[in-house]
Amino acid sequence: MIAKIEEFDDKWFATLEGEMDTAAAVEAQEVLKPLYNGGGKDVLIECGKLEYIASSGLRILLGILKSAIATGSSVTLRNMNDDVKNVFSLTGLNKIFKFEP
């Protein structure tokens, strides 16, 4: 699992690659920690190379979304493959996150 973040002027850009299983989620959460206190900046998460996400990974993304909403910003998930997008659909999270093709 590879998780990276970058901050540009008014946005956070994150990239998730590989499998975000329970073990990898612990490491990813540490890397993504600045997004929990994003300072009101919108968050764009590139998921084009994310192959799998476990419930622990969903919990991390929900925490980021909750923090963003509290500061009036948004979280957008981009380029998610059909398998990972299906997890969001099955859990109903597709109704609360923004997605870009």
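Before any of the text, the structure's been laid out above.
If you're wondering where the values come from, they're calculated on a predicted model, not measured in any experiment. (Residues numbered from 1 in each chain as written. Predicted model: local features only at pLDDT ≥ 70, side-chain atom pairs only at ≥ 80, totals over all residues. Heavy atoms only, no water.)

K.L.:
Any chance you could explain unusual backbone geometry here in plain terms?
P.N.:
Across residues other than glycine, the phi torsion is negative in most instances, and most of the peptide bonds are trans. Of note, Asn79 is a non-glycine position whose phi angle comes to about 60°, a positive value. On the secondary structure map, Asn79 appears in the loop between strand E4 (75-78) and helix H3 (82-91). Asn79 sits in the partly exposed class, given a relative accessible area of 34%. (Helix = DSSP H or I, 4+ residues; strand = E, 2+ residues; numbered from the N terminus. Buried < 20%, exposed > 50% of the residue type's maximum accessible area, 1.4 Å probe, protein only.)

K.L.:
Got a minute to help me understand helix H2 (residues 55-70) in this structure?
P.N.:
The α-helix advances 3.6 residues per turn, and as a result positions three or four apart in sequence lie on the same side. Between its terminal C-alpha atoms H2 stretches 22 Å, which fits the 22 Å expected from 16 residues at 1.5 Å a residue. Listed in full, the buried residues belonging to H2 are Ser56, Gly57, Leu58, Ile60, Leu61, Gly63, Ile64, Leu65, Ser67 and Ala68. Against the buried residues of H2 lie strand E2 (11-20), helix H1 (22-32), strand E3 (42-53), E4 and H3. (Expected span 1.5 Å × (residues − 1). Contact = heavy atoms within 4.5 Å.)

All quantities given are derived from atomic positions and should not be read as evidence of function.
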